[in-house]
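Each chain, letter by letter, is given below.
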Amino acid sequence: MTVEEIRPAGAGDVAAVKSVTDAAYQPYIARIGVVPVPMEADHAANVAAGRVFVTGEPVIGLVVIEAYEDHLFLDSIAVHPDAHGKGVGRRLLEFVDARARALGLPEVRLYTNAMMWENQKIYPKYGYEVVERRVDGPYDRIHYRKRLAA
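Calculation criteria
Residues numbered from 1 in each chain as written. Predicted model: local features only at pLDDT ≥ 70, side-chain atom pairs only at ≥ 80, totals over all residues. Heavy atoms only, no water. Helix = DSSP H or I, 4+ residues; strand = E, 2+ residues; numbered from the N terminus. Expected span 1.5 Å × (residues − 1). Buried < 20%, exposed > 50% of the residue type's maximum accessible area, 1.4 Å probe, protein only. Contact = heavy atoms within 4.5 Å. Salt bridge = Lys/Arg side-chain N within 4 Å of Asp/Glu carboxyl O. Pairing = 2+ DSSP bridges. Right-handed = clockwise from strand over helix to strand, strands pointing away. Core = buried A, V, L, I, M, F, W, Y, C linked by side-chain atoms within 4.5 Å. Axes fitted to C-alpha atoms, helices over the stretch in contact; angles between N-to-C directions.

Draft legend 1. Structural detail: helix α4 (residues 88-102). Its 15 residues place the ends of α4 21 Å apart at the C-alpha level, agreeing with the 21 Å of an ideal helix rising 1.5 Å per residue. Those residues of α4 that sit buried are V88, L92, L93, F95, V96, D97 and A100. Against β2 (52-55), β3 (61-67), β4 (72-79), β5 (107-113), α5 (117-125) and β7 (139-147) lie the buried residues of α4.

Dropping the structure here:
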């Protein structure tokens, strides 16, 4: 597996997007008691909408983002377990920041399940602050934001 530049996903990447997402989120099913939302996403629709960016050949990491008027929403970040510890997640988070700046957006927002405690250690290291904790159906979520310097 090689890490390469981060590029928009194409139709040919849909199977890899599903595979990496499933591999990244599968370990959380037992812990949180439900299938994580990213595993049930319509990957083909997200790719077609230009919201998915991938890295690696084969694909080893990806982000799903959506631009809003006042922020960039990081819907999902997934790194294949075989690629953990190689800086893939860091590079993807840096890409998200750069994308938000390029779009003229002042902040990035995301949420993570409260039971995914690993993420609660990672996001603050990259400048994210907790905004609120909110239960949404079966999901107990911690919402974060990162304000970007102009």
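Draft legend 2. Here's a closer look at the pattern of salt bridges. Within this structure, the stated rule accounts for 13 salt bridges. Of the charged contacts in the structure, one is a salt bridge between E66 and R51, with a shortest N-O distance of 3.8 Å. You can see E66 sitting in strand β3 and its partner R51 sitting in the loop between α3 (43-48) and β2, a full 15 residues away along the chain. Residue E66 is classed as partly exposed on the basis of its relative accessible area of 26%.

Draft legend 3. Broad picture of the environment of R91. Structurally, R91 can be placed in helix α4. For the pair R91 and T55, spaced 36 residues apart in sequence, the C-alpha to C-alpha distance is 9.3 Å.

Draft legend 4. Spotlight on the pairing of β5. In terms of residue burial, β5 counts as a mostly covered element, since five of its seven residues are buried. Direction of pairing for β4 relative to β5: parallel, over a ladder of two bridges. Its bridge partner being in β5, L72 is matched across the sheet by V108. Of the crossover connections in this fold, the one passing from β4 over α4 to the parallel β5 is right-handed. Both β5 and β7 contribute to a ladder of seven bridges, which runs antiparallel. Directly across from L110, in β7, lies its bridge partner Y144.

Draft legend 5. Structural context of the nonpolar core. Grouped together as the largest cluster of nonpolar side chains are 25 residues, with contacts concentrated most on V63, L74, V96 and Y128. Every element with two or more residues in this core is listed here: β3, β4, α4, β5 and β7. Per-element accounting of this core gives the leading share, six residues, to α4. With residues up to four places along the chain from it excluded, the contact list for V63 reads R51, V52, F53, L74, S76, I77, L92, F95 and V96. The next biggest cluster of nonpolar side chains, apart from the first, holds 16 residues, and it includes M39, V47, V54 and M116.

Draft legend 6. Summary view of the sheet that holds β4. Strands sit in the order β1-β2-β3-β4-β5-β7-β6 across an open sheet of seven strands; the sheet is mixed. Two strands close off the open sheet at either side, each with one partner strand: β1 (7-8) and β6 (129-136). Pairing geometry for β1 and β2, over two bridges, is antiparallel. Residue pairing for β2: P8 is matched across the bridge by F53. Set on the sheet, α5 makes contact with β4, β5 and β7; between it and β7 the angle comes to about 10°.

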